[in-house]
Amino acid sequence: MTDFYHHRGQAMHHRLYNESRAHQVVKAATAATAGGSLLVLSGLTLVGTVITLTVATPLLVIFSPVLVPAVMTVFLLATGFLTSGGFGLAAATVFSWMYRYVTGERRTGVESNDQMRRKVGSKGRARDDHAAGKGHHATGGVQLTTGARTGLFES
């Protein structure tokens, strides 16, 4: 009985080995086919490039007195249009800001500056008050003053 299972196990191993070998052969054939096809396409592309370059070179040499100024003109036109558009956008932004500023719709820049002045001034005062309580120990009795006390940040 053990001989039967032993023989059956060998048969399964042999069959699995053959299947995996067949699988390896199929993988190798597929890889060779794909690689060969890509190699052929690469060669055709190279041949096409060489033929196109051979045909186009005399045409480029003949027409270069026309092509070079044409390319320069197109480049300058494109640069001019892009620059003009950029300046136009900047001008529209400035006019929009001026309109909002004059009509008082959104004065975010002015309000944020005023708020920043108040905030910096209050932080300076708070630091002065804190330093006034503890500053004489660290500075030997000399009291420190900041710009907030002297009116530098006052509006």
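Residues numbered from 1 in each chain as written. Predicted model: local features only at pLDDT ≥ 70, side-chain atom pairs only at ≥ 80, totals over all residues. Heavy atoms only, no water.

Q: A description of the overall build of the protein chain should follow, citing residues and the corresponding values.
A: A tally of regular secondary structure across the protein chain gives 2 helices and 0 strands. Per-residue burial for the protein chain yields a buried fraction of 5% across its 155 residues. For the protein chain, the accessible area works out to roughly 13,400 Å², and carbon and sulfur atoms hold 69% of it. (Helix = DSSP H or I, 4+ residues; strand = E, 2+ residues; numbered from the N terminus. Buried < 20%, exposed > 50% of the residue type's maximum accessible area, 1.4 Å probe, protein only. Areas by Shrake-Rupley, 256 points an atom, 1.4 Å probe, with all protein chains shown as cover.)

Q: Account for a nonpolar patch on the surface, with residues named and values stated.
A: Together, V47, I51, V55, L59, L60, I62, F63 and L67 make up a nonpolar patch on the protein surface, roughly 760 Å² of accessible area in all. By the secondary structure assignment, V47 is in helix α1 (residues 2–103). For V47, a relative accessible area of 48% puts it in the partly exposed group. (Patch = residues over 30% accessible without salt bridge, like charges linked within 9 Å, V, L, I, M, F, W, Y side chains within 5 Å. Salt bridge = Lys/Arg side-chain N within 4 Å of Asp/Glu carboxyl O.)

Q: How would you sum up the packing of aromatic side chains? Please name residues and give values.
A: Each aromatic ring pair is specified by the distance between its two centres and by the angle formed by the two planes. Here the structure, examined in full by the defined rule, presents 1 aromatic pair. Between W97 and Y101 the ring centres are 5.2 Å apart and the planes differ by 15 degrees, which places this aromatic pair in the stacked class. Linking W97 with Y101, this pair stays in helix α1, spanning 4 residues, or about one helical turn. For Y101, a relative accessible area of 38% gives the class partly exposed. (Phe/Tyr/Trp six-rings, centres within 6.5 Å; stacked < 30°, edge-to-face > 60°.)

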